[in-house]
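# Coordinates in review
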Amino acid sequence: MHQARPKGIRWIRYKSTNTSQKANFIPQELKNRHKYFPKASIPHSTTVQDDNSRRNLVKNLLKSTGKDYTRSKGNYFDPANSQLNLSLNNSVLFDKISKATIDRTAKRFEIPSKDWKSDIAKLLEGLEEANKSKVNKIRRAIHDSIINATISSQAVNDSTNIGDLVTLYDDNVNLYLVVEIPTNLSSSSYTFINNEGEVVYAKRSAIKLRFPGVIPKKYHDIVRTFVQLEKKYLDIAPVGVANDKYTKSVQSLPQELQDPEINENVSTKSRLQAYRSSKLGSALENGIITEDATDIAVEGTESISSENDFLVAQASSQFLTNSNVNTYHVPIEARKFYSKALTDVSIKAFNQLSLVNTKLEVLHRKLQYDYNHDLINSPRTISIFEILYHIEHTDLTKLEDYNASVSHIGKSLDLPFDFESQQYHVSTFLALIISLRKQSRLWNIDKYSKSYPPASVTILPIKNVELINNVIYFLKFKKGDSQFANYAMKKSGPKPQYYEDIIQMFKDYIIGNFTSDPVLETLLVGIVRLVDKHLGHVEGIYSYEYSKARAYDLLNCLQESPGQTTPQIVNPGTWYKSLPIAEDISIMSNLSKDYYEFIDKHLDASDVDTAQASVELSKDRVGVLIPESKNLEAFNDTFGGTKDKNTSDFYTSDPLCGIREDFRSIPIYCIDSADAHEIDDGISIHLDARDYIISTHIADPASYLRPHSIISSIAFSKGRTTYLPEGPSMMLPKLIPNLSGLGINGKETRTFVIQYKLNKAIIDSYIEERLKDSSYELPSKILTQIQDQIKSTANIKVAVGKNFPQGYTYEKVDSLLKDESKINNFRRGITDDKNFQNLFKLWNISTILHNIRVLIGEGTQFAITKSNIKVMPMNEARGELPSFKHIKNGYEMALESKQAVQVISSSSQGENSRSQLLVSEFMIFANQSSASFAHRNDIKIIYRSQEMILTEEVKKTIHKLIKDSVLSKQKISEESLSKILSVLTSAKTQIQPKRHESLGVDSYTNVTSPLRRYTDILNHWKFEEYLLKKSDWLQLSDSNLQFIANHLQNMELINNQIQRFSSKFWEGIFLKEYLLLLKQGKIPSDQKIKFRVLIRSNPRNGNVVLVDVLGFSNLHSKLEVTPTLMELFKKGEVQVGQILESDRIKIVKVDFIEDELILEYK
């Protein structure tokens, strides 16, 4: 079956493979077949914008000429020969066709290949391998790098770059090579080519699977040349494809049309004039394609299918004949460098599918017990490289099932065997991904980003497989679908068989836990169809008639009972199998939750702090260190421990008490929001001779909690606290922040300290100048001097603090730092408020730190305005529900479920907040200083890095925008921000120190949030082990760090995915209710939302343009192309990058599950 092309992509395909044979081959075929062109011998191009755009485009192009082009079945039509004089005799006609064919073949393929070989020879003169005879060596090297391509856990999160291999379809082994990355900020498209010479321009989001770093960097300049600007010849249709921006140049015109002074020929001018006056020519000249150019009006083209793409391709390209639109192609000589290798890898992957599929079925049964000997009666997430290891290196017939009399909660820090350092061939990885998708009832692939390979897989319990099969049989053959639908409509009588299991299947379907399971999906959609009329009237709101949102409506309907209050809306993001947050999704998650609740109920901070050595626990049993009267026998009897180590949760005493420094007299400022869940950081400043001593104090739960403990294992399995609009799912039990959190004045509190020195004279001089001129900035030389001092004096300590000034929230500190009376007192040297003096100095120092990162380190940090979603229970009566109102910086919707959804616009960097700048800069430099200290002292920790794979032009443009913004103290425009964000890449967790480019620092780690990130608490353990000079203190091998880092990276990405989905969901719920109220006339005109949209694309070859809805930034948004909008584009009143603000922008559709918001402008 022909697969639909990915949306938003341009394609060009060449069927021919050997140009040297074409001149003789084609005429012979013409003699034998009596066809203009044989299908197998002529290259062609195709251009795709969306599912129907190729078909639409050819219809529109043919329509624009006013001519009636037709074709006969089985014959190809070549526009270049449309003017043949068929009255000539056959021999003359054949001779003309033959010569024209030979001429076109030479111009389209032979000459470009010769030119490319010449260009390569010139390029090699500038490379190390300057000898032209080494072209073949480079060809072999590129070929071999593809043939032998591997992937490993260390490289899985590398950024998209030239030389990567990708797939652009799901469940497909066809590979593409990345040959170019975005070259300027006006386009975020990448360029891909495949073994047949197809050229694809697409955004990163088009990537389905990627293998990083296949072709070595030293060959990237060669790879870039594979796609060439096509030279056009008069009246010969190009075979190339236009890029994503339809760029134009004089060089793309045929030579005869480039210089009107030389070319006075009337027919030549008329050709150019005819092209420009055509609908297509006019549209391309003006940078848009009009609505007329997207109509469908040519008879017969509806029947175009995959085997007849040649007609579409040639009809599309012929209308770029004699045009100045740049078209691009892959010379056949260039394809020799990579084509066969791509084909061989794809074939190898295809040939492995059957074997890998069989091994996976066996492996799934074996992995029902994990390497802790635990039977997994609930989903369990493991590294995909563990599966690869078994596929490639393990004899599955000898892999024993493990069994044990006890089970464990959480995830072990110990690596069972070394699967992380192995290299795995990309063909095996590709075959594995396809097989995993096919076995979606056994596994869930944790796919959190399209441009990064999946790194973890969730194993589903084997008992679920039989249950699903039974349910499917019930639904399909026992009229179970009708029984379930009838119960859903009537809500009376006994529940049908498998009722709860069907509910769970709907949850899995809605959240995407099922992939490639059409049987199950069809059955569930069938049930939705049966009950659709009873689910309430939402006609036209969702993306399509039976959207997953409709299935969600069914689950809500089943919760309702006559006469009872509307049940609360449940966030489907909590149903993910890879990180189950809601109850009854996973046995282990329920046990973890119960364990945390048990600890919080039976233990408080004073028990651990004052009675740490009071209990001797049995070594053959896991327990928590608490007084004897408060034991955890309920859990101890169930969860056993190992006999070779003490696995109690807490240390019997502070292991670092002998080296803690006394900070009890120094004020430590804990600046946070008024409703912060935990306080885990503070900042202090004091004098030491000629320097200011800056100390960033961090909560020290690592001095209480053992690495090998139940709490640690649960926290490690979670990875971090998950922040949802309706509230957080905490990584640690409440006891830990109560025990180790900062901010309680008078309470002696252990702190983990990152400290460095700053020259007092420089800082005081800077503050003095700033008081005279607020725009004053330190010169680069002084900034570099301060940076060097921070690096050289960075130190890690542990301390005890006690002096925590109260009430210093972000709002309070902002107000304080803008208090002119206090600033004037500071200017005059009046020292009546010591806290203000300290905070004022710290804020001024934070501006220096910011400039070091941005101006010296060329960091790309900036404020991003986004919509934050908050969901709260409503305790007081609100009148008629639902109801809508405006609030500060946003809106609120009160739902019938007694939940209030707030959508609030806020800046990620606190655009005008001095307090947020103060805190963020000191935390960044605390993390940077910790990384520097670890690297200098060879401490093995987990680092954080970000490599931005960008061209020099893009980097310079971004850095200039950021620098200008800092120096001018002006915001970067929404247009520029949108462009920057489209090319940035995410940071990654790893065990080697590398540069963090966005932050503008040479190395970076995480230590400042140990109460909500497991990476931080683990790094604390590693630093404290170094401070104690006890290499065996942790009983944690450095060789396990890669395994730990990979798991934490995976859990971070899964957490981010759940958080993004949750924000989209609640924003969609808000907009759905708003739209329904609007249709009911319940929102006054003066209260209606005036939408502002940032235009991100032209209305080219499609019926929508991409937009960002300012203030509603979570959902994927589009603006329908209406005649009114097209008129604005034609007049130039609306352009890409501009903000369109109008009360004429209305919501058309909103789908909170499918992630789609469609607007219209009328």
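Computed from a prediction, not measured in an experiment: that's the story for all the values here.

### Notes on the overall build of the chain
From N to C terminus, the chain includes 34 helices and 32 strands. Counting over 1162 residues, the chain shows a buried share of 57%. Considering only residue pairs separated by 6 or more positions, the chain has 76% of its internal contacts joining residues 24 or more positions apart. Carbon and sulfur atoms form 48% of the exposed surface of the chain, whose accessible area is close to 49400 Å².

### As for helix α4 (residues 135-147)
End to end, α4 covers 18 Å across 13 residues, agreeing with the expected 18 Å (1.5 Å per residue, within 8%). Listed in full, the buried residues belonging to α4 are V135, I138, I142, S145 and I146. Taken end-on, α4 shows its buried residues confined to a sector of 100°, consistent with a single buried face. Taken together, the buried residues of α4 touch α3 (90-124), β2 (165-167), α5 (220-224) and α11 (339-366).

### Observations regarding the sheet that holds strand β7 (residues 228-229)
Pairing in this open sheet of three strands is antiparallel, and the strands run β7-β9-β8 from one edge to the other. With partners counted over all chains shown, the strands left at the sheet margins are β7 and β8 (241-242), one partner each. Pairing geometry for β8 and strand β9 (residues 327-329), over two bridges, is antiparallel. When the sheet's bridge partners are listed, V241 is paired in β9 with Y328.

### Focus: the sheet that holds strand β10 (residues 380-383)
Pairing in this open sheet of three strands is antiparallel, and the strands run β10-β13-β12 from one edge to the other. Two strands lie at the open edges of the sheet, namely β10 and β12 (443-445), each paired on one side alone. On average, each strand axis in the sheet is inclined to that of its neighbour by 30°, with strand direction left out of account. For β10 and strand β13 (residues 456-459), the ladder comprises four bridges, and the chain directions are antiparallel. Following the sheet pairing, T381 is matched in β13 by T458. Its contacts with the sheet place helix α12 (residues 384-393) against β10, β12 and β13, and it is angled at close to 65° to β10.

### Section: the environment of N85
Mapped onto the elements of the fold, N85 is located in the loop between α2 (53-65) and α3. For the pair N85 and K96, spaced 11 residues apart in sequence, the C-alpha separation works out to 9.9 Å.

### A word on the confidence of the model for the chain
Here the chain averages 80 in pLDDT, while 78% of its residues score no lower than 70. Of the regions scoring below 50 in pLDDT, residues 1-80 engages in 223 contacts with residues more than four places distant in sequence or in other chains.

### Observations regarding the side chain of R437
Within the element layout of this structure, R437 appears in helix α13 (residues 426-438). According to the relative accessible area criterion, R437 is buried, its value standing at 19%. Separated by 2.7 Å, the side chains of R437 and D171 make a polar contact. Sequence-distant contacts of R437, defined by excluding residues within four places in its chain, comprise D170, D171, I445, T515 and S516.

### Thoughts on the pattern of salt bridges
In this structure the tally under the stated criterion is 45 salt bridges. Here D764 ties to K760 by a salt bridge, and the two come within 2.6 Å at their closest N and O atoms. Of this pair, D764 and K760 both sit in helix α24 (residues 760-772), four residues apart, which is roughly one turn of that helix. Looking at D764, the relative accessible area reads 24%, which means it is partly exposed. A relative accessible area of 26% places K760 in the partly exposed class. Two residues, K1162 and E1160, come together in a salt bridge whose shortest N-O distance is 3.6 Å. Under the relative-accessibility criterion, K1162 is labelled exposed at 54%. Residue E1160 is classed as buried on the basis of its relative accessible area of 16%. Each of D532, R550, D553 and K1072 takes part in one network of salt bridges that share partners.

### Some details on the packing of aromatic side chains
Using the criterion set out here, one finds 37 aromatic pairs in the structure. Considering the side-chain rings of W116 and F226, the 6.1 Å spacing of their centres and the 50° angle between planes classify their relative orientation as tilted. Here F226 lies in the loop between α5 and β7 and W116 lies in helix α3, a separation of 110 residues in the sequence. Assessed through its relative accessible area of 2%, W116 is described here as buried. Taken together, Y542, Y552, W575, F1065, W1066 and F1152 form an aromatic cluster joined through their ring pairs. Positioned over the ring face of Y452 is R210, at 5.3 Å from the centre of the ring. The aromatic ring of Y704 is capped on one face by R750, whose charged end is 3.7 Å from the ring centroid.

### Notes on the environment of A894
Relative to the assigned elements, A894 resides in strand β23 (residues 890-894). Placed 176 residues apart in sequence, A894 and F1070 show a C-alpha to C-alpha distance of 9.0 Å.

Definitions and cut-offs
- Each chain carries its own residue numbering, running from 1 in the direction its sequence is written.
- Two thresholds apply to this predicted model, a pLDDT of at least 70 for residue-level local features and 80 or more for giving and counting side-chain atom pairs, whereas whole-chain, interface and lining totals are computed over all residues.
- As a rule here, side-chain values cover all heavy atoms of the structure and leave hydrogens and water aside.
- Strands are runs of DSSP state E lasting at least 2 residues, helices are runs of H or I lasting at least 4, and numbering of each runs from the N terminus.
- Exposure classes here rest on a 1.4 Å probe applied to the protein chains alone. A residue is buried below 20% of its type maximum, exposed above 50%, and partly exposed in between.
- By definition in these notes, contact holds between two residues if any of their heavy atoms fall within 4.5 Å.
- All accessible areas in this document rest on Shrake-Rupley with a 1.4 Å probe, and a residue is counted as covered only by the protein chains that are shown.
- To estimate the expected span of a helix, subtract one from its residue number and multiply by 1.5 Å.
- Taken from the helix axis, the directions to the C-beta atoms give the arc we talk about.
- Strands qualify as paired when DSSP identifies two bridges or more between them.
- Lines fitted to C-alpha atoms define the axes here, with helix axes fitted over just the stretch in contact, and angles between the N-to-C directions of these axes take values from 0 to 180 degrees.
- Per-residue confidence from the predictor is reported as pLDDT, which spans 0 to 100.
- Definition of a polar contact: a pair of N or O atoms within 3.5 Å, with one able to donate and the other able to accept a hydrogen when the atoms are protein atoms, and with sequence-neighbouring residues admitted only if both atoms are side-chain atoms.
- What counts as a salt bridge is simple: a side-chain nitrogen of Lys or Arg found within 4 Å of a carboxyl oxygen of Asp or Glu.
- Pairs were defined over the aromatic rings of Phe, Tyr and Trp, the Trp ring being its six-membered one, requiring ring centres within 6.5 Å. Orientation was assigned from the angle between planes: stacked under 30 degrees, edge-to-face over 60, tilted for the rest.
- A positively charged side chain is recorded as over a ring if its NZ (Lys) or CZ (Arg) lies within 6 Å of the ring centre. The angle to the ring normal must also be within 35 degrees.

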